[in-house]
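# A closer look at the structure
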Amino acid sequence: MNSPDDERGLDPEDWEALRLVGHRLVDELLHSLRTVREQPAWRPIPESVKQGFRTPAPMQGSSPEAVHREFLETVFPYRLGNIHPRFFARVMGTGTPMGALAEFAAAAMNNNLSGLESSAVHVEAQVLRWLKALLGFPETASGLLTSGCSIANLIALQVARDEYAGVDVNVEGVQASRYRLVAYASDEVHSAVQRALMVLGLGSTALRRVPTGPDFRMRVEDLEDRIDDDVGQGLRPFCIVGSCGTVNTGAIDPLDAMADLAERRKLWFHVDGAFGALAALSPSLRERVRGLERAHSVAFDLHKWGSAPYGVGVVLVRDAEAHHRAFQTEAAYLSPLPRGVAAADYPANELGPELSRGFRGLRIWMAWKEHGVSRLARAIEMNVAQAAHVKQRVEGEAELQLSAPVPLNLVTFRYVGRRRRSPEALDALQAEIVMRVQESGVAVPSTTKLRGRTVIRLAIVNHRSRRADLDALLDAVLREGRALGG
Ligand SMILES: Cc1ncc(COP(=O)(O)O)c(C=O)c1O
């Protein structure tokens, strides 16, 4: 049994039993997706279930039926809930049924995307070509599908850093640079950009946070002064980061003006468009993200507003050679050959820090072929219209107060009630309302802080949501607010 001569491998002993379990699972999951609206948006995990996740590794196997049952009883019911139409927390994409099937297909192929000749690299390259065209990037730009926007930002900023460090960073390291490099972004920039600078060895102080105006967009008029100050202090500005949809309010920095300034000062212009960049897919929304197409690099996600299953993000870099230079290494075992599997003209392993990558492109390729880009664009437009509807309703309710403009698909507001409360009490009230609404299972909003004050925040990137879902959420907020003293 435990002999090394046992050559059974890991395939099922009973293929028929696994086939039946597989079919049942597909049926159950598709049924759940179809009827997800009838289930709670979120439910707390019972302590007994959590205990089950603390058991040691199973040294002996069990039947596929038993594994299937355990998944259905302990894992699936306690999911985060972002497949539910009333989930609006953080910025969480919903996914699609075809995307889920594509995940299964990709896992069955189990294609390594490090760049060997296979259909998968051609699918990924095609998806990247589609994205370049849709975002107004030239076909000659390079790109990579990443695990998300954090890594996409990191890759883009590494390319930028290397172009401005004044030394060959790959050979000598950042410490050999005689420059202290600094980058600029608004004070609403996502922490992923800060973390990228940390990972790149530049430190978080290399991120210069330029103030935003009342619309939470960068005050570009302050940007140039900040750059001049830094130059005066002997620092070397290298990059301006524009936020195309900030995580707090969906604000879109004045990208065109930032691109102008970057051009004039000969700086790298990078755009973090985690969700906002996909507004470019919609002919009626494209104007709102104008300037994005002028960036030297852009990072965005497909697992948010692109409705792809987690995790797939994208980095596009206009200067393909600079992209390649930043990650190139020499390794005989990775060298191409004129024919065979090593003949692929796809140096994915020289465009980012990872060698092995999964087949992320298939979920985009299959889903887009099924629903088409224009249907995805319509879902994006629908979310923007829903955000405008929420804004209007909030403005019409005396107990609610809008906290920021609504330029896209995010709405922030507060329950202010009819009583006078201290700022601290109002902060605590928002958090309490949000927790209660989540625990009720009705809907999942989240919180953030704007100018230091806690607000309720809805990120509407959910193709399953309808206006009635947002109305139900607002009704729940009002109900909980009143229950807490009005
Ligand atoms: C504006 C922005 N940038 C970057 C990120 C990080 O993206 P990811 O979570 O895919 O790594 C997010 C995530 O919400 C975001 O909203």
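What counts and how
- Residues numbered from 1 in each chain as written.
- Predicted model: local features only at pLDDT ≥ 70, side-chain atom pairs only at ≥ 80, totals over all residues.
- Helix = DSSP H or I, 4+ residues; strand = E, 2+ residues; numbered from the N terminus.
- Rg over C-alpha atoms; globule rule 2.2 N^0.38 Å.
- Contact = placed C-beta atoms within 7 Å.
- Core = buried A, V, L, I, M, F, W, Y, C linked by C-beta atoms within 7 Å.
- Buried ≥ 20, exposed ≤ 12 C-beta atoms within 10 Å, placed from the backbone.
- Domains from an automatic or database assignment.
- Pairing = 2+ DSSP bridges.
- Axes fitted to C-alpha atoms, helices over the stretch in contact; angles between N-to-C directions.
- Near = placed C-beta within 6 Å.
- Nonpolar A, V, L, I, M, F, W, Y, C, P; charged D, E, K, R; others polar.
- Expected span 1.5 Å × (residues − 1).
- Arc of directions from axis to C-beta.
- Right-handed = clockwise from strand over helix to strand, strands pointing away.
- Parallel < 35°, antiparallel > 145°, perpendicular 65-115°, else oblique.
- Left-handed = near helix turned anticlockwise from the far one by under 90°.
- pLDDT = per-residue confidence, 0-100.

### Considerations on the overall build of the protein
Regarding its fold elements, the protein presents 14 helices and 11 strands. Here the protein has a C-alpha radius of gyration of 24 Å; the compact-globule value for 486 residues is 23 Å, and the two agree. Here the contacts in the protein between residues at least 6 apart in sequence split such that 72% fall between residues at least 24 apart.

### Brief notes about the nonpolar core
General note: in soluble globular proteins, nonpolar side chains tend to be found buried as a group. In terms of nonpolar packing, the biggest core is built from 135 residues, with Ala183 and Leu292 touching the most fellow members. If you count residues domain by domain, this core takes at least three from each of domain 2 (111-358) and domain 3 (373-483). The residues touching alanine 183, leaving out its near neighbours within four places in the chain, are Leu197, Ala206, Leu207, Arg208, Phe238, Cys239 and Val241.

### With respect to the sheet that holds strand S11 (residues 453-459)
Pairing within the open sheet is antiparallel, and its four strands lie in the order S8-S9-S11-S10. In this open sheet, the two edge strands, each paired with only one partner strand, are strand S8 (400-402) and strand S10 (446-450). Averaged over all pairs of adjacent strands, the angle between their axes in this sheet comes to 45 degrees, without regard to strand direction. On the sheet, helix H12 (residues 361-396) packs against S8, strand S9 (410-415) and S11 and is oriented at approximately 20 degrees with respect to S9. Together, S9, S10 and S11 form the strand contacts of helix H13 (residues 423-440), whose direction differs from that of S11 by roughly 30 degrees.

### Some details on the site of the ligand
Taken together, Val91, Gly148, Cys149, Ser150, His190, Ala192, Val247, Asp272, Ala274, Asp301 and Gly313 are the residues near the ligand. Along the lines of polarity and charge, the residues of the shell around the ligand split into five nonpolar, four polar and two charged.

### A few points about the sheet that holds strand S2 (residues 181-186)
Hydrogen bonds between backbone atoms are what pair the strands of a sheet, whose relative direction is either parallel or antiparallel. The strand order across the open sheet built from seven strands is S1-S7-S6-S5-S4-S2-S3, with neighbouring strands paired in mixed fashion. Because the sheet does not close on itself, it has two edges, and the strands there are strand S1 (142-146) and strand S3 (207-210). Each adjacent strand pair in this sheet contributes to an overall mean axis angle of 20 degrees, direction not counted. As paired strands, S2 and strand S4 (residues 236-243) are joined by four bridges and run parallel to one another. Across the sheet, the residue bridging to tyrosine 184 is isoleucine 240, located in S4. Most of the contacts of helix H10 (residues 255-265) go to S4, to which it runs at about 165 degrees, and overall it touches S4 and strand S5 (268-272).

### Digging into H13
Count 3.6 residues to each turn of an α-helix, and residues three or four apart come out pointing the same way. Here H13 contains 18 residues, and its C-alpha end-to-end distance of 26 Å stays within 8% of the 26 Å for a straight helix at 1.5 Å per residue. Within the span of H13, buried status applies to Leu429, Gln430, Ile433, Val434, Val437 and Gln438. Each buried residue of H13 sits inside an arc of 160 degrees when the element is viewed along its axis, so together they form one side. Facing away from the buried side of H13, by more than 90 degrees, are the exposed residues Glu424, Ala425, Ala431 and Met435. Contacts from the buried residues of H13 go to S9, S10, S11 and helix H14 (467-483). Directly after H13, the chain includes glycine 441, whose backbone phi takes a positive value near 80 degrees.

### Focus: the domain arrangement of the protein
If you check the domain split of the protein, you get domain 1 (15-41 + 43-79), domain 2 (111-358) and domain 3 (373-483). Here domain 2 and domain 3 have C-alpha centroids that lie 31 Å from each other. Across the contact, 21 residues belong to domain 2 and 18 residues belong to domain 3. Along the lines of polarity and charge, the residues of the side of domain 2 that touches domain 3 split into 10 nonpolar, eight polar and three charged.

### Section: H10
Among the residues of H10, Leu255, Met258, Ala259 and Ala262 are the ones counted as buried. Summarising the axial view, the buried residues of H10 lie within an arc of 100 degrees, below the 170-degree limit, and thus occupy one face. Where the residues of H10 are buried, they touch helix H9 (220-232), S4 and S5. Two residues or fewer past H10, lysine 266 is found with a positive phi of approximately 55 degrees.

### A few points about the pairing of S5
Counted residue by residue, S5 has five buried out of five residues, so it is predominantly covered. Alternating residues of S5 divide into Trp268, His270 and Asp272 and Phe269 and Val271, and every residue in both groups is buried. In this structure, S4 lies alongside S5, joined through five bridges in parallel fashion. Of the residues in S5, the one forming a bridge with glycine 242 is valine 271. Handedness of the crossover is the feature at issue here: the chain leaves S4, passes through H10, returns alongside S5, and the resulting connection is right-handed. Bridge count between S5 and strand S6 (residues 297-301): three bridges; the pairing is parallel. Bridging from a neighbouring strand, valine 271 pairs with valine 298 of S6.

### A short note on unusual backbone geometry
With an omega of -10 degrees, the peptide bond between tyrosine 310 and glycine 311 qualifies as cis. Counting through the fold element by element, glycine 311 comes out in the loop between S6 and strand S7 (313-317). Look at phenylalanine 216: it is not a glycine, yet its phi comes out positive at around 65 degrees. The residue phenylalanine 216 is located in the loop between S3 and H9 in this model. The backbone of serine 307 sits at a positive phi, close to 55 degrees, despite the residue not being glycine.

### Observations concerning the packing of helix H5 (residues 119-135) against H12
Following both chains from N to C, one finds H5 and H12 inclined at 55 degrees, their axes separated by 9 Å at the closest point. The angle between H5 and H12 falls in the class oblique. Here H5 runs over H12; the crossing is left-handed. On the side of H5, the interface is formed by Ala120, Val123, Glu124, Gln126, Val127 and Leu134, while H12 contributes Gly361, Leu362, Ile364, Trp365 and Val373.

### Section: the confidence of the model for the protein
Looking at the protein, pLDDT values average 97 and 100% of them are 70 or higher. Ranking the helices and strands of the protein by mean pLDDT puts S5 first, with 99, and helix H7 (residues 169-172) last, with 93.

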